[in-house]
Amino acid sequence: KMNKQLELIKSSIKSIPNYPKEGIIFRDITSLVETPAAFKATIDLIVAQYKDKGITKVIGTESRGFIFGAPVALALDIPFVLVRKPGKLPRETIAQSYQLEYGQDTLEIHTDSIQSGDNVLIIDDLLATGGTVEATVKLVERLGGEVKNAAFVINLPELGGKQRLRNLGVTPFSLVNFE
Ligand code: PRP
Ligand code: ADE
């Protein structure tokens, strides 16, 4: 049975059928971050999972990953690194393309954001196919870092993202499932 914090988090997420396309149920975290107790519980549970685990950097993926990644990095007192959509980062970058549940896109990172020996935690609002995280893992590895962990507020188990991440050597963690 789910505990009170997880029930608050799950009940604060709205579900919108057929957005952005027919057949997709969009799991909307805007209502979660407009509910302070739910937002705080989300950050506290993720931080508790990674305290004293040797994580050296947190990556948040644009754009909803920024909302959850930045407060976790602050609480762990380690750098917060932005992985962004193309053309948004001003200094030297590398790029990686990936498939989405509903489309295709590219992600970029500053080349000086990761060093060899970094133990990176990726944070995003939602795990669907795992394509976003796979692209981010490739960016980190090309810069000599390692991604052992990835954390999500929401997992969509039917899309198999957790197995895809395990196959990459990444241990996934999520707070709530939506079938
Ligand atoms: C969504 C979501 C995750 C990703 C999950 O982001 O926030 O980042 O898709 O899907 P995946 O596991 O199949 O890769 P989106 O690209 O829609 O960008 P946004 O956060 O800017 O809305
Ligand atoms: N990103 C990918 N799939 C999604 C979904 N079903 N709801 C919200 N964000 C998503």
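Above this text sits the structure in question.
What counts and what doesn't
Residues numbered from 1 in each chain as written. Chains lettered and ligands numbered in written order. Predicted model: local features only at pLDDT ≥ 70, side-chain atom pairs only at ≥ 80, totals over all residues. Heavy atoms only, no water. Helix = DSSP H or I, 4+ residues; strand = E, 2+ residues; numbered from the N terminus. Buried < 20%, exposed > 50% of the residue type's maximum accessible area, 1.4 Å probe, protein only. Lys, Arg positive; Asp, Glu negative; His and termini not counted. Salt bridge = Lys/Arg side-chain N within 4 Å of Asp/Glu carboxyl O. Polar contact = N/O pair within 3.5 Å; in protein donor to acceptor, adjacent residues only side chain to side chain. Contact = heavy atoms within 4.5 Å. Pairing = 2+ DSSP bridges. Axes fitted to C-alpha atoms, helices over the stretch in contact; angles between N-to-C directions. Near = heavy atom within 4 Å. Nonpolar A, V, L, I, M, F, W, Y, C, P; charged D, E, K, R; others polar. Phe/Tyr/Trp six-rings, centres within 6.5 Å; stacked < 30°, edge-to-face > 60°. Lys NZ or Arg CZ within 6 Å of the ring centre and 35° of its normal. Right-handed = clockwise from strand over helix to strand, strands pointing away.

K.L.:
I'm lost on the side chain of D28 in this one. Help?
P.N.:
Along the polypeptide, D28 turns up in strand 2 (residues 25–28). Buried within the structure, D28 lacks any salt-bridge partner; its nearest side chain of opposite charge belongs to K14, at an N-O separation of 6.4 Å. For D28, the side chain forms a polar contact with the side chain of T30, separated by 2.9 Å. Residues contacting D28, with those up to four places away along its chain left out, are I13, K14 and I16.

K.L.:
Explain the sheet that holds strand 7 (residues 119–127) here, please?
P.N.:
One key point about sheets: their strands pair by backbone hydrogen bonds, in either a parallel or an antiparallel sense. Pairing is parallel in the open sheet, where five strands are placed in the order 4-3-7-8-9. The open sheet has two free edges, formed respectively by strand 4 (80–83) and strand 9 (171–177), since each of these has just one partner strand. In this sheet, adjacent strand axes meet at a mean angle of 20° when their direction is disregarded. Here strand 3 (residues 57–61) runs beside strand 4; their pairing, made up of four bridges, is parallel. Each residue of the ladder has a partner; that of G60, found in strand 4, is L82. Packing of helix 1 (residues 4–11) onto the sheet brings it into contact with strand 8 (146–155) and strand 9, and relative to strand 9 it is tilted by some 75°. Contacts from helix 4 (residues 64–76) reach strand 3, strand 4, strand 7 and strand 8 within the one sheet, and its direction differs from that of strand 7 by about 140°.

K.L.:
Any chance you could explain the site of ligand 1 here in plain terms?
P.N.:
As a matter of local geometry, ligand 1 sits amid 15 residues, with D124, D125, T129, G130 and T132 nearest to it. Note that an oxygen atom of ligand 1 is positioned 2.5 Å from one of the side-chain N or O atoms of D124. Within the contact set of ligand 1, an oxygen atom lies 2.5 Å away from a side-chain nitrogen or oxygen of T129. Put simply, the parts of the chain that give the shell around ligand 1 at least two residues each are strand 7 and helix 5 (131–142). At three residues, the largest contribution of residues to the shell around ligand 1 is made by strand 7. For the shell around ligand 1, the residue count by class is four nonpolar, five polar and six charged.

K.L.:
What is the right way to look at the packing of aromatic side chains in this model?
P.N.:
The geometry of an aromatic ring pair is captured by two quantities: the separation of the ring centres and the angle between the planes. By the definition in use, this model includes four aromatic pairs. Note on Y19 and F26: the rings are 5.1 Å apart at their centroids and 85° apart in plane angle, and the pair reads as edge-to-face. F26 sits in the buried class, given a relative accessible area of 14%. An angle of 90° between the planes, with centres 6.4 Å apart, marks the rings of F66 and F80 as edge-to-face. Separated by 14 residues along the polypeptide, F66 in helix 4 and F80 in strand 4 bring together distant segments of the chain. Relative accessible area serves as the criterion here: at 19%, F66 is assigned to the buried category. On the basis of relative accessibility, which here comes to 25%, the residue F80 falls in the partly exposed class. We note K10 situated over the ring of F178; from NZ or CZ to the ring centre the distance is 4.8 Å.

K.L.:
What's the story with the pairing of strand 8 in this structure? I'm lost.
P.N.:
Within a regular strand, the side chains alternate between the two sheet faces. Counting buried positions along strand 8 yields eight of 10 residues, so the element is predominantly enclosed. Taken together, the eight bridges between strand 7 and strand 8 define a ladder with parallel strand orientation. Looking across to strand 8, one finds that L126 is bridged to I154. In this view, the connection linking strand 7 to its parallel neighbour strand 8 by way of helix 5 has right-handed handedness. Where strand 8 lies against strand 9, six bridges are found, and the strand directions are parallel.

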